[in-house]
Amino acid sequence: MPLDNPKGQSFRLVGSRPNRPDGIDKVTGRAKFGADMSAPGMLVGRLLRSPHAHARIRSIDIKKALALPGVKAIVTRDDFKEIEGDLRDVSRNVMARDKALYDGHAVAAVAAIDTATARKALKLIKVDYEILPHVTDVEEAMKPGAPVLHSDLFTQGVEPTPKKPSNIAKRHEFGHGDVAKGFAEADVVVERKFKSEATHQGYIEPHACLASVGNDGQGELWVCTQGHYAVRNVCASLLGMDVSKLRVTASEIGGGFGGKTTVFIEPVALALSRKAGKPVKIVMSREEVFRASGPTSSATVWVKIGAKKDGRITAGDAVLKYQGGAFPGSPVDMGAMSAFACYDLENVRAVGWDVVVNRPKQAAYRAPGAPISAFGVECVIDELAQKIGMDPVELRLKNAAREGTESSYGPTYGVIGLRATIEAAKAHPHYKAPLGPNQGRGVATGFWFNFGGQTCVSLNINIDGTVALAVGTPDIGGSRASMCLMAAEELGIGYEQVRTIVADTSSLGYNDISEGSRVTFSTGMATIQAARDAVKKLCGRAAQMWGISPDAVLWENGHAKPAGANAGDFPPLSLADIAKVAANTGGPIAGHCEVNAEGAGVSFSTHLCDVEIDPETGFTRVVRYTVIQDAGKAIHPSYVEGQYQGGAVQGIGWALNEEYIYGADGRLQNPGFLDYRIPVASDLPMIDTVIVEVPNPGHPYGLRGVGETSIVPPLAAVANAVSAAAKVRMMEIPMSPPKILKAMGEAPRR
Amino acid sequence: MRYEAPKTTKEAVALLAKAKGLAHVLAGGTDLLVRLRSGHIEPDLVVDIKRIPAMGKISAVANGIRIGSAVPSAVLGEHAGVRKAWPGVVEAAKLIGSTQIQGRATVVGNLCNASPAADSVPAMVAAGAKAIVVGPKGRREIAVEDVAVAPGKTSLRKGEIVESIHLPKRPPRSGDAYLRFIPRTEMDIAVVGAGVSLTLGPDGVCRQARVALGAVAARVLLVEEAAAALVGTKVDDKALDNLAAAASAACRPIDDKRGTKEFRIKVAGVLARRAAKVALQRARRGK
Amino acid sequence: MSKVHVSTTINGDAVEYLCAAEETLLDVLRDRLGLTGSKEGCGTGDCGACSVTLDGRLVCSCLVLGAEAEGRQVRTVEGIAKGDQLHPLQRKFIEHAALQCGVCTPGFLVASKALLEKNPNPTEHEIRFWLAGNLCRCTGYDKIVRAVVSAAAEMRESR
């Protein structure tokens, strides 16, 4: 849907900051999250997980466990059909088949009358493992002679296809031009290799679900998820059920960030429930979340950029190696596509290698793949600026992608807001603020594609003129408030007169997952269309009530009005007036939209970061942080700011202290919030935000997704700031104090 | 598992002495419940000491201050008397975990958990604190540094329980301080901890000092060479340099997910120095 | 295995329950009493989502045994509002958009209320350090701190 008014927009409600409709429930404890639901006769489900990083499962003996009083059902690989095709890897991740592929891989599950019994039962299950050599490092896994996870994995994207299996799933390449020629033209070249560790989305709510399958094969699933339709489809396939037989209700979700876009425990809970004939509730412990949900990749990133003395970049080249855990599908492709997306380059290339290792299967984490490649590129840009003697913001301005730029990943950009964010950074007081001793400043830019996707909404007019809006995308960031704003804006009624709910899978058509920063864009677009659809119908009813042609009726300020003096002298009819008599004019009034939303606008962000280092210990603290990001049109500015701040802070954690630590035995050493160190309130300053609005021509209100772009720049913004404060280039994250102290100690004196 | 909440120390000792199987003392529960939940321990008996009045008290006694074993850090931190006499011990106790943890965690529990990285222990060792142990055979007093023998293991015998900590009377012109290194600003287990207590003479010369380091060996170390570097000096920069060097030299740390050997050795010296400076300031300010 | 009988007070109401010795207060609140406002984020006292007050003292209910509540006063998020009157903290959290997914919010509200009862005029520094035991992954804490400052100001004015 194109932008309504390219010359300028004025809104009555959109852009304001009303209270969110689900707020009261969430501040009183009334809101129900994944683990908050119970059912009569409910059983407790628990999973048995491999303690080995890599092992053949020779046999699983459940006899003793099944005999324990209080145990009602046990499932293993024998209870799940072998699946080929798209869901093959997901099904093998949910329940191991011939091999356990990581520390924490599910091998069996029990449903019992209480937790104590379930725990006892797990201890009684005898698994015969044949321990195999393992590999957890991405570069080690690529070497010939590395332990091979899948005997049927042959590298795609290379010519010729290898005859021997390996851990290298695929090679991707993006770019255009001739990088060799470009480097030959350069006056200054910087080439660096970076390393980043795996991190977890860190949502505070562990995965949880309550499954209930009757012996007629009808199933109900309550689950915290970013996409209940996807969960329905995947679970139905894995259990051999018709899709229509499974109704999935999305609970309130306590954080997702991409990690709840797939299934882990849900098919298991359904299988246990089906076998036991009782509802089964499974809640992951925090340890299980770390060991066995979907963290993001660890990676090595090699970047080479060349430029002329005047700052014009002549070539950019990158090689990315990401491990996606035990199955193919790391986001290295998106990492490679987005690596140079902020730059207007004639010669650019990004190669990505997707590698498997004995770690949990990765899941999306907020702008998957992009923060890692941006880390490398933005640090090299910083160093290039230093070598040329140019301000890093000026260097970016000189090379910033703009309308008409052929992007590094293929498409040509339309109207984009990158320059606007860089200019805003330059003009921001943070940029000029003086720095104290042991402090350093870093700047970085970032990009995200943003997505559209399959979306349905149903907008129903109630008898009193209020509106019930049913959407199919779980609310992961406050989107219900934005939907109410857009519906109310279109209908010309008050914000409080619209109630938005997230419908279950039986009540509405298919909706893609809440991911890719697509919800405000897609569900918003569908809401706008549905509202316009309803308005047409309302005008039609008014026309009927007045006995005039529907063409002679217009909608203004929440009322149907005759379109002109010739149409008749009728007093305006409100939504309530028309709704009250709807039974007599044709029945219930509703607007619908089923769409595959297109026209999502890419968004860019520029971040400024100041850190202070204690030179005797390497202790590092962010002392000032500013996020400047293009939102196209901020529907609810408070929640847009919230996305900017949340993404920035996840990036700060990723840059400074968060990492998965594996031992030599291939086991995860820090599966808890004690030693997996996310930022706490005392670690941070206020996070300043600037919302830039360069309207997206593909959306009626001009909006662009905002949820993901904000996590792309911080890794480099923080690294550049630390490098400046420590006076030594940091090339590995997280930059924990021992690493910083070591780098400072080893740096040549300047 | 059985739960008992005795009303006297005698009852608690009797329960522990005759317990068949594994018995644990429950004070704040901030270590015990974590190990219980994870399945690391499966006690047959848990003895909750928080209903024993004697264990919940902080009292001034003739030769110092007695802190009952069930006193949470938060309560310790609110006690003006202890704060004034031993600010280092209090600040150490107040560094354990979060506000929520502070509401429950006790310094005695911290001590008896016998983690090499326990925050309150270096400060108590530096202060010369004693643990009052009550058992089936009666009472005894041991130096706090002799409670932990190895990670997770104490020198207490079956049936014995620490009833309280005794902090000595604070001599004039004394000060103590505790600093720790953690990568964030809160919530982490100490990567290195340094507790320093010193006493100055009227001429400003250091008469007595105790320096204790945490998280750099299997137990908290009382570093006599580090203390010796201060005694007889005015705690000037040179003395502090010697102190730092002695502290670093005494470390026997490991590489683990919280820090490397080199890092701990270096930072031990840095923190010992900084803690000594704070202790010195407090000593100069004191009576 | 026999259960422990506990008589306690929760949000001002007399409550009795039976629980296993090893059940935590959080387990009891959520699974036996239907008070699901307190959340289990970690089970190890590192995230604060289970925060309650015990005899007025802020604690993690995942690290308290259900048995320990005997004769004590427990207060949870469900007890913060008075009937249909929200507490200023609750109102300010909504107004300042101090919640996104909302799962950490009960813990933050209980913890912030405990802070303001002890210190009615906290600085930003004091707020951040008091709340360091409450993890939030969505907001970056900025709007939470602003909401607490705003609620504190309103509460001081209305005294």
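Residues numbered from 1 in each chain as written. Chains lettered and ligands numbered in written order. Predicted model: local features only at pLDDT ≥ 70, side-chain atom pairs only at ≥ 80, totals over all residues. Heavy atoms only, no water.

Colleague: Hey, could you run me through the overall build of chain B in this one?
Modeller: The number of helices and strands found in chain B is 11 helices and 14 strands. C-alpha extents for chain B along the principal axes are approximately 55 × 45 × 35 Å. Per-residue burial for chain B yields a buried fraction of 59% across its 287 residues. Considering only intrachain contacts with a sequence separation of at least 6, the fraction spanning at least 24 residues in chain B is 59%. As displayed, chain B has an accessible area near 11,200 Å², and 55% of this comes from carbon and sulfur atoms. For chain B, the distance from the average position of its 45 positive side-chain charges to the average position of its 26 negative side-chain charges is 4 Å. (Helix = DSSP H or I, 4+ residues; strand = E, 2+ residues; numbered from the N terminus. Buried < 20%, exposed > 50% of the residue type's maximum accessible area, 1.4 Å probe, protein only. Contact = heavy atoms within 4.5 Å. Areas by Shrake-Rupley, 256 points an atom, 1.4 Å probe, with all protein chains shown as cover. Lys, Arg positive; Asp, Glu negative; His and termini not counted. Charge placed at Lys NZ, Arg CZ, Asp CG, Glu CD.)

Colleague: Just checking my understanding: could you explain the domain arrangement of chain B for this structure?
Modeller: Frequently, the measure chosen for interface size is the accessible area that the parts lose on association. Residues and elements named next belong to chain B. Parsing chain B into structural domains produces domain 1 (2–168) and domain 2 (174–285). The distance between the C-alpha centroids of domain 1 and domain 2 comes to 24 Å. Summed over both partners, the interface of domain 1 with domain 2 buries about 1,900 Å², with 57% contributed by carbon and sulfur atoms. Taken as a group, Pro116, Pro122 and Ala126 account for 26% of the area that domain 1 buries against domain 2, more than any other trio of residues on that side. Arg180 serves as the salt-bridge partner of Asp119, at 2.7 Å between the closest nitrogen and oxygen. Where domain 1 touches domain 2, the interface holds 13 residue pairs in polar contact (both at pLDDT 80 or more). Contributing elements (two or more residues each) for the side of domain 1 that touches domain 2: α5 (87–93), α8 (120–127) and β8 (148–150). Residue contributions to the side of domain 1 that touches domain 2 peak at 6 residues, all from α8. (Domains from an automatic or database assignment. Buried area = accessible area lost by both parts, 1.4 Å probe. Salt bridge = Lys/Arg side-chain N within 4 Å of Asp/Glu carboxyl O. Polar contact = N/O pair within 3.5 Å; in protein donor to acceptor, adjacent residues only side chain to side chain.)

Colleague: I keep staring at the pattern of salt bridges and nothing clicks. Help me out?
Modeller: One side chain can pair with another of opposite charge once the charged atoms of both are near each other. In this structure the tally under the stated criterion is 82 salt bridges over all chains. Here Arg258 of chain B makes a salt bridge to Asp675 of chain A, at a shortest N to O gap of 2.6 Å. Taken together, the residues span two chains, with Arg258 of chain B in the loop between α10 (237–250) and α11 (261–285) and Asp675 of chain A in the loop between α19 (637–656) and β26 (687–692). For Arg37 of chain B, the salt bridge identified is with Glu40 of chain C, shortest N-O distance 3.3 Å.

Colleague: What should I look at first to understand the interface of chain A and chain C in this one?
Modeller: Contacts between the two partners involve 49 residues from chain A, matched on the other side by 41 residues from chain C. Across the chain A/chain C interface, buried area totals approximately 3,800 Å², and carbon plus sulfur atoms make up 59% of it. The interface formed by chain A and chain C contains 4 salt bridges. When the shortest N-O distance is used, the salt bridge between Asp36 of chain A and Arg30 of chain C registers 2.8 Å. Contributing elements (two or more residues each) for the side of chain A that touches chain C: α1 (23–28) and α19 of chain A. For the side of chain A that touches chain C, the class distribution of residues is 24 nonpolar, 17 polar and 8 charged. (Nonpolar A, V, L, I, M, F, W, Y, C, P; charged D, E, K, R; others polar.)

Colleague: Is there a simple way to explain the packing of helix α7 (residues 228–239) of chain A against helix α8 (residues 266–276) of chain A in this structure?
Modeller: Residues and elements named next belong to chain A. At their nearest, the axes of α7 and α8 sit 9 Å apart, and the two run at 50° to each other. Here α8 runs oblique to α7, going by the angle between their axes. For the pair α7 and α8, the crossing hand works out as right-handed. Residues Cys235, Leu238 and Leu239 of α7 touch α8, and the partners they reach there are Glu266, Pro267, Leu270, Ala271 and Arg274. Tallied by class, residues from the contact of α7 with α8 come to 6 nonpolar, no polar and 2 charged. (Axes fitted to C-alpha atoms, helices over the stretch in contact; angles between N-to-C directions. Parallel < 35°, antiparallel > 145°, perpendicular 65-115°, else oblique. Left-handed = near helix turned anticlockwise from the far one by under 90°.)

Colleague: Quick question: what am I supposed to make of helix α15 (residues 479–491) of chain A here?
Modeller: Residue pairs three or four apart in sequence face the same way in an α-helix, which turns once every 3.6 residues. Residue and element names in this part refer to chain A. Over its 13 residues, α15 runs 18 Å from end to end, which matches the ideal 18 Å to within 8%, given 1.5 Å per residue. Within α15, 13 of the 13 residues are buried, which leaves the element mostly enclosed by the surrounding structure. Remark: Gly492 follows α15 within two positions and exhibits a positive phi of approximately 75°. (Expected span 1.5 Å × (residues − 1).)

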